[in-house]
Amino acid sequence: MTGGGAKLAARGLWKLYGPHPERLLAGGARPTPEAIRASGHVAAVRDATIEVAEGEIFVVMGLSGSGKSTLIRCLARLVEPSAGSVSFDGIDLLAASRAELTRIRRHRLGMVFQHFALLPHLTVLENVAFPLEVQGMARGPREARAREVIALVGLEGREGRYPRELSGGQQQRVGIARSLAGNPELWFLDEPFSALDPLIRREMQDEFLRLQRGLRKTIVFITHDFDEAIRLADRIAIMKDGAVVQTGTPEELVLRPADPYVAEFTRHVARAKVVTAAAVMTPGGPVEHAGTVAAGDRIEAIAARVEAAELPHAVVDAAGRVVGAIDRRAVIGVLVGRGPGS
Amino acid sequence: MADAGGTGAERPAAGGADVAARAPTPAPAPPAGRMAGRRLWLVLWGGLAVATLVLAALAPRLSAGPLADLWVPPAWLRPDVAGAISRFMAWLTTEARIGPLAVTEITRALAAAIEAPYELARNLLVDGWTEGRGRRAQQVFPPLSWIAIVAAAVALGVHARGWRLGLFAGGCLLYLAVFGQWQSAMVTLASVVIAVPIGVAGGLVLGTLAWASRPFDRALAPVLDLMQTVPTFAYLVPILFLFGFGPVAALIATIIYAMPPMVRVTTLALRQVPAEIAEYAVMAGCTPWQRLRRVMLPAALPDLMVGVNQVIMLTLNMVIIASMIGAGGLGFDVLNALRRLDIGGGIEAGLAIVALAVALDRLSQALAERARSARPAVAGPWLRRHRWPVTVAAVAVATGLLGLAFPAMQSYPDSLTVTTRAFWGDLVRWVNVTYFDSFEAAKGAALTHVLLPVKRFLLALPWVWVLALVTLAGWRLGGRRLGLLGFLLVLYLALTGLWEQAMTTLYLCGVSVVLAGLIGLPLGILAASSAVAGRILGAVTDTLQTLPSFVYLIPVVMLFRVGDFTAMIAVTLYALAPAVRYTAHGLRSVAPELVEAGTMAGCSRWQILLRIRLPLAVPEILLGLNQTIMLALSMLVITALVGTRDLGQEVYIALTRADVGAGLVAGLAVAAIAIVADRLIAAGARAQRARLGLAEGGR
Ligand SMILES: Nc1ncnc2c1ncn2[C@@H]1O[C@H](COP(=O)(O)OP(=O)(O)OP(=O)(O)O)[C@@H](O)[C@H]1O
Ligand SMILES: [Mg+2]
């Protein structure tokens, strides 16, 4: 990830709650957790640095109270960071004026909330059209646009309902539709599916991936569920006590956890879901093979094929060159938890 | 609700609070030696109680000697605050100027601004529009016909909930017509119709400002406390000075009285809007005004409607009291009847107040509920969407026109009214004759065995001792600041030279509150332990709370005549409702697992009540006690009309003499007592809650 190409970049972000956060952080100081606590402050975010590339699903994950919500709110400047910088498409968000921020939020940012945050006094249609209405868009076009996004999330026919007349999953669909109404470039989702039942949650994750395939938004997605994170993420940042402890692809986190905390998180993950063929192949040129698999394929997807064949499969990279071979033994190794990372 | 120094009928506001989950700070573990410390304090308090008794016993001997100044605050300690205030008022109304404008000109403009809509409402409801003056006045345009007003009540009821409520509300108004109270009731209603929107709007503005700005909130809080604790009679006088005798002064007093709960409810309701919704408004790119107008206020609407209901009920309460300074209407009828000892007339007018109060309360509550469930608006053409206003307007026009030919359509015919005056008069007379001896015996016994001894005991305490006790209690319960507050307020009581009256207030209030507790606690337990009893008692206390305080005086005066005993009964009745409600609520909201755990441990029903439910309900019961005291104090001032000798009487006398200074000084003394009691009990409830590990304000 090159710093210059990032759509959204936050550097050295701090958020302290307490009497005098600015004193503790004066002159770029980086107080220790002990110093923070001793001075009567609570550190919600500590020196967090993240970069999100255009079109990427960037998942922030951590236990309850680790500072995920505060981080995302600092990125959207709903919460004023105590120190650090946030730049979006080259704009310094922390230096932006109030009017400029309002303009950016109206046209370029969208946010989905954990508890939906639908306006109870408006219908589904009015809720979805609300962000367009506050921009001053005329009734005709804004309702047309609202119907369009409502159809996108599969809620046609329910435009006249009030939020409380919908199930949790439907309410969050309204929340998603509403956040998409203004056609944002950057999409924040703060634990959007945590308040839903496991079955609905899965369904919504699929729905979300389907949407994103068409939309290609830049996404910051918060969750405390590692399974959800690896299903959705291009890259994951793991937070602990306000600090980002590791950022990487799901596979990197599983295979090379930076510390015992991350290792503990990833221990129970089904490795076949994250490990790719490239990670367990035997590198080398072309050999006699039963078929080919892509280097980025997850073991889960190719296990049955490779296991059934007597000969190994050739692993090819994006350009179609053979970069190695994968055999039964390697696949079974991953499935039973042997091999790299265990 | 820790700081709800509310006098009014404060219903526990049901808030859809969904504050973003924040990790609660864990309560510090009790350090070793805490238990020993508590025991020490118990011993100390016991010792102080004994010392207090001894002092009271010694009073007759010591209070005359050289120590007399310790018993009654000496004259040289009393600055002439009352005189200074009076002089200030005199200056304000004669010479004071703000810029080029004299203060009186400003007040007159303000009065005119309120008078215009009031005149309109009055013309619409009662007088009609007339031409010419005095005798030669000729009605050129009639007021709304009685049929139209009844129809409006029905339509509002149907709109708010359904036909049952519509018929009920219509029935209440019909009652007013049939029993000959229409004119007075409409005069009262005209005041309500004007005061409520002003009170609500003012409350919304101030409450929103307090929500948006911490400093403003902090500055406003003590003002609200005073507005709610200073007895209404006390500020009637300065208002009379500024605005003159008449309905406008009464309206202004009413608005001052009825607005504070709306301010508090607004601030609270806006704070309780889920944090995510407030954040969403920012993310959607709302301007601050859009955020408030389009998101926050609508989202808070259900809670705000609770405030509107309170404003309506307080307005009605105050409109009745304000009839003393010329609001006219039902309150004036009651007052007049009481003065003339016209028993039947008083009861008739009192019942009319009850009918009006119940109708207004049910309607506004139903509207509040409607806001909570926000039924989808009726779709369709304009006429269908507005069928109720259109119907009522049509009825008004039709009956108005028909009224030209058939007067009975315009105003309810006198020949069809029913008067119950004689019936009530005879009934009360019969009760008084038949039970005279029992009443007298009960009254005598209560006076000699309870009222007088308590009064003598309190009056026998040296003021410095009381000062020390309150300061100590405040410091112990709420820290240095509360101790200082208690010290200053009790000192104020001493320095005003109203010490004896203050102690008399304390005695009447104390006895009434204890009595209300003795009745209310068992009733609350009963209400919590049986669903049927709960429903019945709930309905009864709801109705008791909707009745304007004035109404309580009528039956007691007729049965017991004037005096402390009568005052005590009226105050007890008025203050009973919160004791029952909070007890029942506290007992019911004990976590069910705890009760189940007790059952599994083999507790009997009594043991569960005494060992589990009651101790855990203590904080809630204390809040109820707090409300009871506030209501008792506000009622006590009104019982001045039946000849008590307390601060209320001072205020009332000042009112009749139009003595601004004396009225305010005595009124502030009542407020001081109320604030001390409120803060001490709130601090006690907080301490108890912390000890039980219950969440702050967890209701
Ligand atoms: N307004 C605030 N005042 C004080 N402390 C706060 C505030 N907001 C957050 N915190 C603290 O900051 C820390 C991080 O909170 P945050 O809500 O960001 O966590 P989270 O990771 O989103 O947790 P969850 O999964 O429960 O939503 C917590 O310890 C919290 O108590
Ligand atoms: Mg969170």
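As shown above, the structure is provided for reference.
This is a predicted model, so every value here is computed, not measured. (Residues numbered from 1 in each chain as written. Chains lettered and ligands numbered in written order. Predicted model: local features only at pLDDT ≥ 70, side-chain atom pairs only at ≥ 80, totals over all residues. Heavy atoms only, no water.)

As a further point, take the overall build of chain A. Counting secondary structure elements, chain A contains 14 helices and 14 strands. A compact globule built from 342 residues would reach a C-alpha radius of gyration of about 20 Å, and chain A, at 23 Å, matches this within 12%. Seen through its principal axes, chain A has C-alpha atoms that stretch 65 × 55 × 35 Å. Looking at chain A as a whole, 51% of its 342 residues qualify as buried. For chain A, the exposed surface amounts to about 14900 Å²; the carbon and sulfur share of it is 50%. Averaging the coordinates of the 43 positive side-chain charges in chain A and doing the same for the 40 negative ones gives two points 3 Å apart. (Helix = DSSP H or I, 4+ residues; strand = E, 2+ residues; numbered from the N terminus. Rg over C-alpha atoms; globule rule 2.2 N^0.38 Å. Buried < 20%, exposed > 50% of the residue type's maximum accessible area, 1.4 Å probe, protein only. Areas by Shrake-Rupley, 256 points an atom, 1.4 Å probe, with all protein chains shown as cover. Lys, Arg positive; Asp, Glu negative; His and termini not counted. Charge placed at Lys NZ, Arg CZ, Asp CG, Glu CD.)

One finds L8, L75, F130, F188 and V220 of chain A together with W182 and F233 of chain B to be the most contacted residues of the largest nonpolar core, which totals 219 residues. Ranked by residue count, the leading element in this core is helix α12 (residues 288-321) of chain B, at 17 residues. Dropping the residues within four chain positions of it, L75 of chain A is found in contact with L8, A10, L13, I50, V86, L93, F188 and V220 of chain A. Counting residues in hydrophobic clusters, the runner-up holds 63 residues, among them L180, L255, M281 and V331 of chain A. (Core = buried A, V, L, I, M, F, W, Y, C linked by side-chain atoms within 4.5 Å. Contact = heavy atoms within 4.5 Å.)

This paragraph deals with the pairing of strand β4 (residues 83-88) of chain A. Residues and elements named next belong to chain A. In this sheet, β4 lies alongside strand β1 (residues 6-17) in antiparallel orientation, the contact comprising 5 bridges. Each bridged residue has a counterpart across the sheet, and for A9 the counterpart in β4 is S87. Sheet analysis places β4 next to strand β5 (residues 91-92), joined by 2 bridges and oriented antiparallel. Following the sheet pairing, S87 is matched in β5 by D92. Between β4 and β5, which follow one another and run antiparallel, lie 2 residues, and D89 among them has a positive phi close to 55 degrees. (Pairing = 2+ DSSP bridges.)

The next thing to look at is unusual backbone geometry. A positive phi is found at D89 of chain A, a non-glycine position, where the angle reads about 55 degrees. Topologically, D89 of chain A is positioned in the loop between β4 and β5.

Here the focus is the interface of chain A and chain B. A common way to express how large an interface is: the accessible area buried when the components associate. Every contact between the two is made by 27 residues of chain A and, on the other side, 21 residues of chain B. Carbon and sulfur atoms supply 60% of the area buried between chain A and chain B, which totals about 2100 Å² over both sides. There are 2 salt bridges connecting chain A and chain B. One salt bridge in this structure joins E279 of chain B and R73 of chain A, with 2.7 Å as the shortest N-O distance. Linking chain A with chain B are 9 residue pairs in polar contact (both at pLDDT 80 or more), by the criterion used here. Here the side of chain A that touches chain B takes 5 residues from helix α5 (residues 124-134) of chain A, the largest share from any one element. Residue composition of the side of chain A that touches chain B, by class: 15 nonpolar, 5 polar and 7 charged. (Buried area = accessible area lost by both parts, 1.4 Å probe. Salt bridge = Lys/Arg side-chain N within 4 Å of Asp/Glu carboxyl O. Polar contact = N/O pair within 3.5 Å; in protein donor to acceptor, adjacent residues only side chain to side chain. Nonpolar A, V, L, I, M, F, W, Y, C, P; charged D, E, K, R; others polar.)

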